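Fold and geometry: a report
What follows is each chain in one-letter form.
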Amino acid sequence: MLKSMPESESSPEKVAPKLFPEETFPLKVRRIADELFTEDRWVDLYSDVGRPARDPKVMTIALILQQHRNLSDRQMSEATRYDLNVKAALGLAWDDPGIAKTSFSEFRARLLEYGRECEAFNLLNKKLVEKKAIRKKEALYVDASHLEASASTPNPPTLIRKATQQILRQLKKERPEHYRKLGEKVPVTEAVPSNRDYYLLPEAEKLERFGDAASMARTVITELSRKKLSPALKAKLELLDVILEERATDDDEPIDPDDAPPDRTANHRDTDARWGAKGKDKFFFGYKRTILTNKDGFVVTFGVDPGNVSDGSVLDAMVEDAKTVFDVEPEKVVGDAAYGSLDN
């Protein structure tokens, strides 16, 4: 539920012009946001009942400032409590306790749930096209950078066990009776063997550890596939099934690396991250961010893909996105050799 916050006559927003003779970046963001975002934008993402939520425009400005300062959710929460510059930009009263750190992830999740995560960016860029800061016909420049995932890549039996354990934890919370019955058939412990030194073990011990993990996962899948499950639990079960198919044979032995799918899941929580390469001998686990800019440095459009996606394969889609969303059709696209191909 959305609820207007009371405004104080001596709020940071009111006194900011006296305290900051020159317009600061946060105040500039607020001014631009006031021009772009109407009061009712994003209101449809919220219910009319429930506890009051922060104004989505305030949350959008906060996310922009958070990214600009490279702050964690906890650090941004503290900034909304103590930083006068941030309070002024967000229109918060002096005695406002600030935005709770969990509110940032909840707002991001809400935008993603409704497919609205690019809306602020699109509105800003349409304004830049209107002002001719981005021209409809000009050369664009493409480049990619690598984003490390905040996740590890466990060895195969540990990955299978972790994917299994997250199902058991959810099951224990939602359906404790099923959890108890399942405990009669599999060891429903939440402990996972150490991920260290697995590849240094004797081959027989590695096979035994893998077989135990795969067998337990297969039993969990078999038992729960006949039950009526919540969407969250069903999604975790489907993920375990995918991981098992990518990693294990029908006899619960490791799939030969030469026969394994090249795009297989590497982490049970961050299921989209993949191994990628920087050159010939440097590797990373995460994502690849590609941006199209004009000669003045304005970002026309961008894309984020798994780390193993090749640079050139995303170019056509990004050019089409610029044309469809912003009516920008580049005269040419300039990039390094990774983007050069017959298709491009």
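What comes next concerns the included structure. This is a predicted model, so every value here is computed, not measured.

Cut-offs used in this document
- Residues numbered from 1 in each chain as written.
- Predicted model: local features only at pLDDT ≥ 70, side-chain atom pairs only at ≥ 80, totals over all residues.
- Heavy atoms only, no water.
- Helix = DSSP H or I, 4+ residues; strand = E, 2+ residues; numbered from the N terminus.
- Buried < 20%, exposed > 50% of the residue type's maximum accessible area, 1.4 Å probe, protein only.
- Contact = heavy atoms within 4.5 Å.
- Expected span 1.5 Å × (residues − 1).
- Polar contact = N/O pair within 3.5 Å; in protein donor to acceptor, adjacent residues only side chain to side chain.
- Core = buried A, V, L, I, M, F, W, Y, C linked by side-chain atoms within 4.5 Å.
- Salt bridge = Lys/Arg side-chain N within 4 Å of Asp/Glu carboxyl O.
- Pairing = 2+ DSSP bridges.
- Phe/Tyr/Trp six-rings, centres within 6.5 Å; stacked < 30°, edge-to-face > 60°.

Considerations on the overall build of the protein
Of regular secondary structure, the protein possesses 12 helices and five strands. With respect to the principal axes defined by its C-alpha atoms, the protein has extents near 70 × 55 × 35 Å. With 344 residues in all, the protein has 40% of them scored as buried. Across the protein, every contact between residues at least 6 apart in sequence was considered, and the portion connecting residues at least 24 apart equals 67%.

A short note on helix 3 (residues 56–69)
Look at helix 3: 20 Å from first C-alpha to last across 14 residues, which is about the 20 Å you get at 1.5 Å a residue. Counted residue by residue, helix 3 has 10 buried out of 14 residues, so it is predominantly covered. At its buried positions, helix 3 is contacted by helix 2 (25–36), helix 4 (73–82), helix 5 (84–90), helix 6 (101–113) and helix 7 (119–130). Here helix 3 starts with a cap whose side-chain oxygen sits 2.8 Å from the backbone nitrogen of lysine 57, and that cap is aspartate 55. Where helix 3 terminates, the next one or two residues include asparagine 70, which has phi positive at roughly 55°.

Structural notes on the environment of aspartate 83
Note that aspartate 83 resides in the loop between helix 4 and helix 5. Classification of aspartate 83 by relative accessible area gives partly exposed; the value is 22%. Separated by 15 residues in sequence, aspartate 83 and glycine 98 have C-alpha atoms that sit 9.8 Å apart. The contact partners of aspartate 83, leaving out residues within four places of it in the chain, are Arg69 and Glu78. Polar contacts involving the side chain of aspartate 83 include one to the side chain of arginine 69, which spans 2.8 Å.

Things to note about the nonpolar core
With 28 residues, the main nonpolar core has Leu65, Met76, Leu90, Ile99 and Phe104 as its most contacted residues. Broken down by element, this core gets its largest block of residues, six residues, from helix 3. Counting residues in each nonpolar core, the second largest holds 26 residues, with Ile160, Val186, Ala217 and Val220 among its members.

Here we look at the pattern of salt bridges
Evaluation of the coordinates by the stated rule reveals 24 salt bridges. Between arginine 30 and aspartate 34 there is a salt bridge, with its nearest N and O atoms 3.2 Å apart. Here arginine 30 and its partner aspartate 34 are both found in helix 2, four residues apart, which amounts to about one turn of the helix. The buried category is assigned to arginine 30, whose relative accessible area is 16%. In this structure, the salt-bridge partner of glutamate 329 is lysine 137, at a minimum N-O distance of 4.0 Å.

Considerations on the side chain of glutamine 66
Locating glutamine 66 in the fold gives a position in helix 3. For glutamine 66, a relative accessible area of 5% translates into the label buried. A polar contact of 2.7 Å, which involves the side chain of glutamine 66, links it to the side chain of aspartate 73. A polar side-chain atom of glutamine 66 sits 3.1 Å from a polar atom in the side chain of arginine 108. Not counting residues within four places of it along the chain, the set of residues in contact with glutamine 66 comprises Leu71, Ser72, Asp73, Met76, Phe104 and Arg108.

A look at the pairing of strand 2 (residues 274–278)
Sheet topology note: the strand 2/strand 3 (residues 282–293) ladder contains five bridges and is antiparallel. Bridge pairing links lysine 278 to lysine 282 in strand 3. Hairpin remark: strand 2 followed by strand 3, antiparallel, with three residues in the connecting loop; positive phi at glycine 279, about 80°.

Remarks on unusual backbone geometry
Among all residues except glycine, the phi angle is most often negative; among peptide bonds, the trans geometry is most common. Even without being a glycine, tryptophan 42 presents a positive backbone phi close to 70°. Mapped onto the fold, tryptophan 42 is located in the loop between helix 2 and helix 3. We note that asparagine 70 has phi near 55°; this positive angle belongs to a residue other than glycine.

Things to note about the side chain of glutamate 138
For glutamate 138, the position within the fold is in the loop between helix 7 and strand 1 (140–148). Within polar-contact distance, the side chain of glutamate 138 engages the backbone nitrogen of arginine 135 at 2.9 Å. In this structure glutamate 138 touches Asn294, Glu329, Pro330, Glu331 and Lys332, once residues within four positions along its chain are discounted.

Some remarks on the pairing of strand 1
Here strand 1 pairs with strand 5 (residues 333–334) via two bridges, running parallel. Among the inter-strand pairings, leucine 140 is bridged to a residue of strand 5, identified as valine 333. Looking at chain direction, strand 1 and strand 3 are connected through eight bridges and run antiparallel. From the neighbouring strand, leucine 147 faces strand 3, where its bridge partner is tyrosine 287.

Observations regarding the packing of aromatic side chains
Counting across every chain of the model gives five aromatic pairs. Measuring from centroid to centroid gives 5.0 Å for phenylalanine 37 and tryptophan 42, while their planes differ by 65°, and the two rings are edge-to-face. Phenylalanine 37 gets classed as buried once you look at its relative accessible area, which sits at 5%. Between tryptophan 275 and phenylalanine 285 the ring centres are 5.6 Å apart and the planes differ by 50°, which places this aromatic pair in the tilted class. You can see tryptophan 275 sitting in strand 2 and its partner phenylalanine 285 sitting in strand 3, a full 10 residues away along the chain. Assessed through its relative accessible area of 47%, tryptophan 275 is described here as partly exposed. Assessed through its relative accessible area of 5%, phenylalanine 285 is described here as buried. Taken together, the aromatic side chains of Phe121, Phe302 and Phe326 make up a single cluster linked through ring pairs.

In short, shape yes, function no, at least from these values alone.
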